[in-house]
Amino acid sequence: MTTQRILVASRNAKKLAELRRVLDAAGIVGLDVVGLDAVPEYPEEPETGATFEENALIKARSGAAATGLVCLADDSGLAVDALNGMPGVLSARWSGGHGDDAANNELLLNQISDVPDERRGAAFVSACALVGPNGDETVVRGEWRGVMLRAPRGDNGFGYDPLFVPDDAVASGRASAELSASEKDALSHRGKALAQLVPALRSLAGQ
Ligand SMILES: O=P(O)(O)OP(=O)(O)OP(=O)(O)OC[C@H]1O[C@@H](n2cnc3c(O)ncnc32)[C@H](O)[C@@H]1O
Ligand SMILES: [Mg+2]
């Protein structure tokens, strides 16, 4: 059986690790998952879309076009109800610098410090785009509802995980950053999005 190479186009090492984990857990035989470090550098397009779906497609299209590989990309973020869905697509650079989790978390907590408990709902959102060799495109979305804490808790995960307590009963009030990797994957926005791609990935792998 031939092995289908698939590029997972993310510069965020912790997100990349989650994407790999979920693909591994899906048990798809015949897929060789590679990251951006395994392919020659290519100019990456700015993530200027108005939606998670548009941004995921921007990333997956440019990865597929530059490498000729099937390409999977995730665009994700946290949508806070009291902020009308922000930080949303701006989540990675909410405080200005890209990917400064501590600064992003501090700013966001301050912005919602006056929001009462009953209005602290939020959702993590992930859009995952898969672009195939013939230009075929699939985009899926997963959401994970929860509430915003008033101070960070936990050391696992990344980004806004220490601020977010999932609604799921199995999380029993723990922050996302207090869940194990497999617990997060089973519940998360990213896990839900990728689960919808399993059939497309299986057919790519020739299964
Ligand atoms: O675009 P790539 O290279 O994949 O990496 P990135 O970190 O820039 O990723 P995004 O543009 O999709 O921005 C997503 C941001 O949303 C936040 N985020 C997304 N998923 C998250 C999760 O599972 N837990 C905590 N924060 C998350 C986190 O701040 C991310 O940096
Ligand atoms: Mg990004």
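- An unreviewed UniProt entry lists the protein under the name dITP/XTP pyrophosphatase, from Gordonia desulfuricans.
- What the UniProt record of the protein gives under Subunit (unreviewed entry) is the line "Homodimer."
- In its Sequence similarities (unreviewed entry) section, the UniProt record describing the protein reads: "Belongs to the HAM1 NTPase family."

**Some details on the UniProt feature "active site" (unreviewed entry) in the protein**
Turning to step 1, where the next piece is worked out: In the numbering used here, UniProt assigns the feature "active site" (unreviewed entry) to Asp-75.
Turning to step 2, where the next piece is worked out: We classify Asp-75 as buried; its relative accessible area is 4%.
Turning to step 3, where the next piece is worked out: When sequence neighbours within four positions are dropped, the list of residues in contact with Asp-75 reads Lys-15, Glu-47, Phe-52, Asn-55, Ala-56, Lys-59, Val-89, Val-125, Ser-126 and Ala-127.
Turning to step 4, where the next piece is worked out: At 3.4 Å, the side chain of Asp-75 and the side chain of Asn-55 are in polar contact.

**A word on the pairing of strand S5 (residues 137-148)**
Turning to step 1, where the next piece is worked out: Pairing of strand S4 (residues 121-131) with S5, which is carried by eleven bridges, proceeds in the antiparallel orientation. Each bridged residue has a counterpart across the sheet, and for Ala-127 the counterpart in S5 is Arg-141.
Turning to step 2, where the next piece is worked out: Linkage of S4 to S5, two consecutive antiparallel strands, is achieved through a turn of five residues, within which Gly-135 is found at a positive phi near 85 degrees.
Turning to step 3, where the next piece is worked out: Of the pairings in the sheet, the one linking S5 to strand S6 (residues 164-166) comprises three bridges and is antiparallel in character. Residue Met-148 lies in a different strand from S6, and its bridge partner there is Phe-164.

**Overview of the site of ligand 1**
Turning to step 1, where the next piece is worked out: Ligand 1 sits among 21 residues. The nearest are Ser-10, Arg-11, Lys-15, Lys-59 and Lys-184.
Turning to step 2, where the next piece is worked out: Lys-59 places a polar side-chain atom, nitrogen or oxygen, 2.7 Å from an oxygen atom of ligand 1.
Turning to step 3, where the next piece is worked out: Tyr-160 places a main-chain nitrogen or oxygen 3.1 Å from a nitrogen atom of ligand 1.
Turning to step 4, where the next piece is worked out: Protein contacts shield 96% of the accessible area of ligand 1, which totals 600 Å² for the unbound molecule.
Turning to step 5, where the next piece is worked out: Broken down by secondary-structure element, the contributors of at least two residues to the shell around ligand 1 are strand S3 (70-80) and helix H5 (189-204).
Turning to step 6, where the next piece is worked out: Sort the elements by how many residues they give to the shell around ligand 1 and S3 lands first, with four residues.

Quick notes on the rules
Residues numbered from 1 in each chain as written. Chains lettered and ligands numbered in written order. Predicted model: local features only at pLDDT ≥ 70, side-chain atom pairs only at ≥ 80, totals over all residues. Heavy atoms only, no water. UniProt positions renumbered as here; feature names shortened; annotations may be inferred. Buried < 20%, exposed > 50% of the residue type's maximum accessible area, 1.4 Å probe, protein only. Contact = heavy atoms within 4.5 Å. Polar contact = N/O pair within 3.5 Å; in protein donor to acceptor, adjacent residues only side chain to side chain. Pairing = 2+ DSSP bridges. Helix = DSSP H or I, 4+ residues; strand = E, 2+ residues; numbered from the N terminus. Near = heavy atom within 4 Å. Areas by Shrake-Rupley, 256 points an atom, 1.4 Å probe, with all protein chains shown as cover.

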